Amino acid sequence: MAAELHDLAQDSAPFSYRALFDLEGFPRLAIGTLLARTANSLWGLTLVLFVLQRYHSPILAGLATFCGIVPGVIFSPVAGALLDRYRRLRMILVDYTVAAATMVTIATLALIGHLPSPLLLGIIAVSSLTGPLSASGTRTLFPIVVPRHLWDRANAIDSGTQAIAMVVGPALAGFGVALVGGEGTFLFTASLFVASGAVLFGMHDPATPGQEVVSDAKRESLFRSSWQALGYVLRNPTL
């Protein structure tokens, strides 16, 4: 009987985008996600243009891109375990803080003339480690914040912010590097991460089923949990 009442309530619930944006916290999540994804898209192209402009080396530009992606991919199982154990929003804000600090550091060192290529690659590699925290964290927040009957609408907003960021980010990067150089564009990108963090700051993670299990899992080794999660993915062809 309870299940039938629940299904009836779901059927009678509003399915509009207005109902979606009336949900507490969802507008902030959507805006923060759009800003951060635009900043990430900006960062990727600005980095390549900056290296080509400053060091005149396509090889170094490729290495910089490699350092900005691969360490984060390798670290992603650990990032997933951290997102399971701790508040997702806190982990997301950690990544935004690291990203903004990275860009300010690179811009500052470049402006004062103390940015050799090995230091640049090292800074990029270290900063990429936290990237999966926001990339995966925001994706997992959407179905938690939104009730099941609005998941399709939320998925559309999620995909839409990604599409907008992929178009707007590179365009802003090209204009920015042409007008104010790579350093100025890095500072602008950092401001987008700061703005995204400010939008999300103060939000609380919604309660989710199984939190007691997660709390018990905190006593287990972080790397053991990461390895188990990776093994689970490898054993399931769908994943």
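Residues numbered from 1 in each chain as written. Predicted model: local features only at pLDDT ≥ 70, side-chain atom pairs only at ≥ 80, totals over all residues. Heavy atoms only, no water.

Here we take up the packing of helix 3 (residues 26–55) against helix 8 (residues 151–200). At a closest axis distance of 5 Å, the pairing of helix 3 and helix 8 adopts a crossing angle of 35 degrees. Tallied by class, the residues present in the contact of helix 3 with helix 8 amount to 31 nonpolar, 16 polar and 5 charged. (Axes fitted to C-alpha atoms, helices over the stretch in contact; angles between N-to-C directions. Helix = DSSP H or I, 4+ residues; strand = E, 2+ residues; numbered from the N terminus. Nonpolar A, V, L, I, M, F, W, Y, C, P; charged D, E, K, R; others polar.)

What follows covers helix 5 (residues 88–111). Taking 1.5 Å of rise per residue, 24 residues should cover 34 Å, and helix 5 covers 35 Å from first to last C-alpha, within 8% of that figure. One or two residues past the end of helix 5 sits G113, with phi positive at roughly 80 degrees. (Expected span 1.5 Å × (residues − 1).)

Below, the discussion takes up the nonpolar core. Core analysis: the largest hydrophobic core is formed by 47 residues, its most contacted members being F26 and I106. Only helix 2 (17–21), helix 3, helix 4 (58–85), helix 5, helix 6 (117–128), helix 7 (131–145) and helix 8 provide two or more residues apiece to this core. Broken down by element, the residue count for this core peaks at 11 residues, all from helix 5. Beyond its immediate stretch of four places on either side in the chain, F26 contacts L20, F21, F142, V145, V146, A154 and I157. Counting residues in hydrophobic clusters, the runner-up holds 6 residues, among them A79, L82, L83 and M91. (Core = buried A, V, L, I, M, F, W, Y, C linked by side-chain atoms within 4.5 Å. Buried < 20%, exposed > 50% of the residue type's maximum accessible area, 1.4 Å probe, protein only. Contact = heavy atoms within 4.5 Å.)

Helix length check: helix 8 (50 residues) gives 20 Å between terminal C-alpha atoms against 74 Å at 1.5 Å per residue, more than 12% under. Trailing helix 8 by a residue or two, G202 shows a phi angle of about 95 degrees, which is positive.

Here we come to the environment of L129. With respect to the helices and strands, the residue L129 is situated in the loop between helix 6 and helix 7. Judged by its relative accessible area of 31%, L129 falls in the partly exposed class. Sequence separation between L129 and V78 is 51 residues; the distance between their C-alpha atoms is 9.7 Å.

What follows concerns the side chain of T38. Along the chain, the position of T38 falls in helix 3. Those residues within four positions of T38 in sequence are excluded, and the remaining contacts are A165, V168, G169, L172 and L192.

So, on to the packing of aromatic side chains. Enumeration over the complete set of coordinates arrives at 6 aromatic pairs. Ring geometry for Y96 versus F193: centroids 5.8 Å apart, planes at 45 degrees, classification tilted. On the criterion of sequence distance, the pair formed by Y96 in helix 5 and F193 in helix 8 is long-range, its members being 97 residues apart. For Y96, a relative accessible area of 3% corresponds to the buried category. Positioned above the aromatic ring of Y55 is the side chain of R54, whose terminal nitrogen or guanidinium carbon lies 6.0 Å from the ring centre. A cation sits over an aromatic face here: R153 above Y17, 5.1 Å from the ring centre. (Phe/Tyr/Trp six-rings, centres within 6.5 Å; stacked < 30°, edge-to-face > 60°. Lys NZ or Arg CZ within 6 Å of the ring centre and 35° of its normal.)

All right, on to the layout of surface pockets then. Estimates place the volume of the largest pocket at around 840 Å³. Taken together, 37 residues make up the lining of the largest pocket; nearest its centre are N40, W43, G68, G131 and A135. Elements with a contribution of two residues or more to the lining of the largest pocket: helix 3, helix 4, helix 5, helix 6, helix 7 and helix 8. Ranked by residue count, the leading element in the lining of the largest pocket is helix 3, at 9 residues. Of the residues belonging to the lining of the largest pocket, the class tally is 17 nonpolar, 17 polar and 3 charged. (1 Å grid on protein atoms, 1.4 Å probe; cavity = no way out; pocket = protein on both sides within 12 Å on 5 of 7 lines; lining within 4 Å. Points joined across faces, edges and corners; volume = space filled by probe spheres on them.)

Turning next to unusual backbone geometry. For H56, which is not a glycine, the phi torsion comes out positive at approximately 55 degrees. Within the fold, H56 resides in the loop between helix 3 and helix 4.

On the surface, a nonpolar cluster with roughly 410 Å² of combined accessible area is contributed by I164, V167, V168, L172 and F188. Note on placement: F188 falls in helix 8. (Patch = residues over 30% accessible without salt bridge, like charges linked within 9 Å, V, L, I, M, F, W, Y side chains within 5 Å. Areas by Shrake-Rupley, 256 points an atom, 1.4 Å probe, with all protein chains shown as cover. Salt bridge = Lys/Arg side-chain N within 4 Å of Asp/Glu carboxyl O.)

Glancing now at the pattern of salt bridges. As a working rule, side chains carrying opposite charge can pair if their charged atoms are close by. Enumeration over the complete set of coordinates arrives at 3 salt bridges. A salt bridge links E183 to R54; the nearest nitrogen and oxygen atoms lie 3.7 Å apart. Taken as a pair, E183 in helix 8 and R54 in helix 3 lie far apart in primary sequence, 129 residues in all. Where D158 meets R139, a salt bridge forms, and the shortest distance between an N and an O atom there is 3.0 Å. Residue D158 is found in helix 8, and its partner R139 is found in helix 7; the two are separated by 19 residues along the sequence. One network of salt bridges, with partners in common, ties together R37, R139 and D158.

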